[in-house]
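Here is what each chain is made of, one letter per residue.
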Amino acid sequence: MADVARADSPLDLSLSDAELEAYRDHITTFIADTVAAAGADEAIIALSGGIDSTLTSHLAVEALGADTVYGLVLPSEVNREGNMSDAERVASELLGIEYDVVEIEPLVDAVVGAVPADSTADDAEQYRTAVGNLRARLRAVLNYFAANNRNGVVLGTGNRSEAQVGYFTKYGDGAVDCLPIAPLYKQQVRQLARHIGVPEDLAAKTASAELWADQTDEDELGIDYDTLDSILALHIDGPLSSSATAEHVGVDEPLVERVRTMYERSAHKREFPPGPGSLF
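Residues numbered from 1 in each chain as written. Predicted model: local features only at pLDDT ≥ 70, side-chain atom pairs only at ≥ 80, totals over all residues. Heavy atoms only, no water.

J.: Help me out: how do you make sense of the pattern of salt bridges in this one?
T.: Any two side chains of opposite charge can pair, so long as their charged atoms come close to each other. The full count for this structure, using the stated rule, is 15 salt bridges. The residue arginine 89 makes a salt bridge to aspartate 201 at a minimum N-O spacing of 2.8 Å. Residue arginine 89 is located in helix α3 (residues 81-95), and its partner aspartate 201 is located in helix α8 (residues 200-203); the two are separated by 112 residues in the primary sequence. One salt bridge connects glutamate 105 with arginine 135, and the closest N-O pair in it is separated by 3.1 Å. Here glutamate 105 is found in helix α4 (residues 105-114), whereas its partner arginine 135 is found in helix α5 (residues 124-150), with 30 residues between them in sequence. A single burial state applies to glutamate 105 and to arginine 135, both of which are buried. Connected via shared salt-bridge partners are Asp86, Arg89, Asp201 and Lys205. (Salt bridge = Lys/Arg side-chain N within 4 Å of Asp/Glu carboxyl O. Helix = DSSP H or I, 4+ residues; strand = E, 2+ residues; numbered from the N terminus. Buried < 20%, exposed > 50% of the residue type's maximum accessible area, 1.4 Å probe, protein only.)

Given below as structure tokens:
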């Protein structure tokens, strides 16, 4: 397991009950307006069993009704069985929405077999990452196949913390029509989930993109979410210098600078693909 940096005094970004209700109304209104503006019949959402998709799906049902939300559970061979069980639990027991389970590993195998890649020891990590991102992109393909077939809008499940450091797959889980919980830092995602009644075992669950076996978000990022949220709120989104941020939350300054580097290097993921611009 990788070393995970943790702040001595992470920032408390908790929202008041009034603020939580304001976000609840703001997000559900956004979802309803987005689906209506697109002339769509329903919302499509990939359910992973994690807190982000669980919260987003709950808010979608509040906004649209259970009969207007369709879920896809898209397991691969590296998914934890418990996560997939939780995804189906969210769909069937907690929300009562229509959903389908589609195993994606045969699709992964087909692509890898059609376009062979070297997986020797020298580039094993790069190969693992490429296949992991392939899984995310195949899920996006299935989301949009369902959306096109059902006249739906694809709801993304990304939050503010992950977007700011580029912790998502470009044209994978980043390939969506809208991002309802985009304003919320990770700790606020958990807080809003608890506020609207998501069971505690789901609200507190360890986050994992599950792009490969035994992967967790915090291990891969090398920083826990409370610390990441603190640095983002104070330094990236806020006014403090890297040294002031480090002192305020109790981390080494190079960690703050590493988060800034992640933010700067992932800018291309948060922007529409660039072109050269018009000459006239």
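J.: Whenever I open this one, the packing of helix α10 (residues 225-236) against helix α12 (residues 253-265) confuses me. Can you help?
T.: Think of two packed helices as two axes; the pair is described by the angle between the axes and how far apart they sit. In the contact formed by α10 and α12, the axes pass within 10 Å of each other and the chain directions differ by 75°. Classified by the angle their axes make, α10 and α12 are roughly perpendicular. Together, Thr227, Leu228, Ile231, Leu232, His235 and Ile236 of α10 and Leu255, Val256, Val259, Arg260 and Tyr263 of α12 make up the contact between the two elements. (Axes fitted to C-alpha atoms, helices over the stretch in contact; angles between N-to-C directions. Parallel < 35°, antiparallel > 145°, perpendicular 65-115°, else oblique. Contact = heavy atoms within 4.5 Å.)

J.: What is the right way to read the sheet that holds strand β1 (residues 42-46) from this model?
T.: In any sheet, the strands associate via hydrogen bonds between backbone groups, in a parallel or an antiparallel arrangement. The strand order across the open sheet formed by four strands is β3-β2-β1-β4, and the pairing between neighbours is parallel. The two strands at the open ends of the sheet, each matched to only one other strand, are β3 (98-101) and β4 (152-154). In this sheet, neighbouring strand axes are inclined to one another by 25° on average, regardless of whether the strands run parallel or antiparallel. Where helix α2 (residues 51-64) meets the sheet, its contacts fall on β1 and β2 (69-73), and the angle it forms with β1 comes to roughly 170°. (Pairing = 2+ DSSP bridges.)

J.: Could you clarify how one ought to interpret the packing of aromatic side chains in this entry?
T.: The relative placement of two aromatic rings is captured by the distance of their centres and the angle of their planes. Counted under the stated rule, the structure contains zero aromatic pairs. Positioned over the ring face of tyrosine 70 is arginine 150, at 3.8 Å from the centre of the ring. One residue, lysine 269, lies across the ring of phenylalanine 168, its end atom 5.1 Å from the ring centre. (Phe/Tyr/Trp six-rings, centres within 6.5 Å; stacked < 30°, edge-to-face > 60°. Lys NZ or Arg CZ within 6 Å of the ring centre and 35° of its normal.)

J.: Please explain the packing of α10 against helix α11 (residues 242-249) as it appears in this structure.
T.: Look at α10 against α11: their axes get within 9 Å of each other, and the N-to-C directions meet at 140°. Taken as axis vectors, α10 and α11 run oblique relative to one another. Pair α10 / α11 crosses with right-handed handedness. Between α10 and α11, the residues in contact are Ser230, Ile231, Leu234 and His235 and Ser242, Thr245, His248 and Val249, respectively. Here the residues of the contact of α10 with α11 are counted per class, giving three nonpolar, five polar and no charged. (Left-handed = near helix turned anticlockwise from the far one by under 90°. Nonpolar A, V, L, I, M, F, W, Y, C, P; charged D, E, K, R; others polar.)

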